[in-house]
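Examination of the molecular architecture
This is what each chain is made of:
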Amino acid sequence: MKIAWGITGAGHLLQDSVEFLEMLKKDHKITIFLSGAGEEVLKMYGLFDRVKKISGGYYQELVIEKEQRSSYPMTGRFSLGKYDLLVVSPTTSNTIAKIVNGIADTLITNAVAQAGKGKVPTSIIPVDLESGDLDTVLPSKLELDLCQKCDTCEAAAACPNQAITPGVEINLLQCKGCGACQISCPFDAVTGGKKITIHMRDIDIENTSKLFNFPGVDVLSHPSEIKKFLDEF
Ligand SMILES: Cc1cc2nc3c(=O)[nH]c(=O)nc-3n(C[C@H](O)[C@H](O)[C@H](O)COP(=O)(O)O)c2cc1C
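Quick caveat: nothing in here was measured; it's all calculated off a predicted structure.

1. Some thoughts on the sheet that holds strand E2 (residues 29–34)
The parallel open sheet is built from six strands, whose spatial order is E3-E2-E1-E4-E5-E12. Each end of this open sheet is capped by a strand with a single partner; those strands are strand E3 (62–64) and strand E12 (217–219). With direction set aside, neighbouring strand axes in the sheet form an average angle of 20°.

2. A look at the packing of aromatic side chains
Tallied over the full model, the rule gives six aromatic pairs. Judged by centre distance (6.4 Å) and plane angle (80°), the rings of Phe-33 and Tyr-83 are edge-to-face. Of this pair, Phe-33 sits in strand E2 while Tyr-83 sits in the loop between helix H4 (76–79) and strand E4 (85–91); the two residues are 50 residues apart in sequence, bridging distant segments of the chain. The exposure class assigned to Phe-33 is buried, which follows from its relative accessible area of 1%. Ring centres of Tyr-59 and Tyr-83 lie 5.4 Å apart, and the angle between their planes is 65°; this geometry places the pair in the edge-to-face category. Of this pair, Tyr-59 sits in the loop between helix H3 (48–54) and E3 while Tyr-83 sits in the loop between H4 and E4, and the two are 24 residues apart along the sequence. Each member of the pair, Tyr-59 as well as Tyr-83, is classed as buried. An aromatic cluster is built from Phe-33, Tyr-58, Tyr-59, Phe-78 and Tyr-83, whose rings are joined through pairwise contacts.

3. Focus: the site of the ligand
Not every one of the 16 residues close to the ligand is listed here, only the nearest: Gly-9, Ser-35, Thr-92, Asn-94 and Thr-95. Contacts to the ligand include His-12, whose backbone N or O atom sits 3.5 Å from an oxygen atom. Asn-94 places a polar side-chain atom, nitrogen or oxygen, 2.9 Å from an oxygen atom of the ligand. Within the complex, the protein chains bury 68% of what would otherwise be the 640 Å² of accessible surface of the ligand. Looking at the shell around the ligand, the elements that each hand over two or more residues are helix H2 (36–44) and helix H5 (93–100). Here the residues of the shell around the ligand sort into seven nonpolar, nine polar and no charged.

4. Structural notes on the packing of H5 against helix H9 (residues 202–211)
Direction vectors running N to C along H5 and H9 enclose 50°, while the axes themselves pass 9 Å from each other. The angle between the axes of H5 and H9 places the two elements in the oblique class. Classified by chirality, the crossing of H9 by H5 is left-handed. Contacts between H5 and H9 pair Ser-93, Ile-96, Ala-97, Ile-99 and Val-100 from the former with Asp-204, Asn-207, Thr-208, Lys-210 and Leu-211 from the latter.

Definitions and cut-offs
- Residues numbered from 1 in each chain as written.
- Predicted model: local features only at pLDDT ≥ 70, side-chain atom pairs only at ≥ 80, totals over all residues.
- Heavy atoms only, no water.
- Pairing = 2+ DSSP bridges.
- Helix = DSSP H or I, 4+ residues; strand = E, 2+ residues; numbered from the N terminus.
- Axes fitted to C-alpha atoms, helices over the stretch in contact; angles between N-to-C directions.
- Phe/Tyr/Trp six-rings, centres within 6.5 Å; stacked < 30°, edge-to-face > 60°.
- Buried < 20%, exposed > 50% of the residue type's maximum accessible area, 1.4 Å probe, protein only.
- Near = heavy atom within 4 Å.
- Polar contact = N/O pair within 3.5 Å; in protein donor to acceptor, adjacent residues only side chain to side chain.
- Areas by Shrake-Rupley, 256 points an atom, 1.4 Å probe, with all protein chains shown as cover.
- Nonpolar A, V, L, I, M, F, W, Y, C, P; charged D, E, K, R; others polar.
- Parallel < 35°, antiparallel > 145°, perpendicular 65-115°, else oblique.
- Left-handed = near helix turned anticlockwise from the far one by under 90°.
- Contact = heavy atoms within 4.5 Å.

Next up, the structure:
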């Protein structure tokens, strides 16, 4: 099958999405589309190179927002019905809000709009699916209560991307998620994958609920649910 997979800038379900993509790649042609935030957040979690490795070849490209122009000619493939399936996982609340309002001014929202026009079945895996609290994981974080403000910061010295301002913070836009800082700090002051609980906003849950009425769109709770769909195809 020819599958298009969009990744937006959500940390939640990101690793699960990449792992599932790696598995799908064995049997299918996959084009990966990244929103601008999707690219940044993949790097923060150290997953960008894995996504790059999945890509390569015709209909197996890595399509990056910042390398596209405003008219998104690549998404013409959807209006021409060239894909069997479009998956967006994970999907941020921002992208959901745009989709349900018919906005198509980013690579991913444009892909979803064109998929609708080309009758390409679309599966969306939103982060903000159910009201209440959600446990998720952070990328690398400098824990100031553990940081000893050493004269020479081992974590900063180990960082190949100069992302750490010692005793202050990690610049996540510089961070590539390699984890060298975490193993270098003798005081374990840099965490990676720390769990936090976030609260789902009503507006985001309401937007997601509108997706259930979209023709041609399935709303799923985990990327692995795509497997069921593929088996039925
Ligand atoms: C580390 C990190 C994790 C994030 N995780 C989420 C998330 O799980 N869900 C979400 O809606 N936004 C999340 N965001 C915020 C989005 O990246 C941001 O709203 C962005 O503008 C979304 O753009 P996009 O929808 O075009 O990808 C995260 C941002 C960062 C820096």
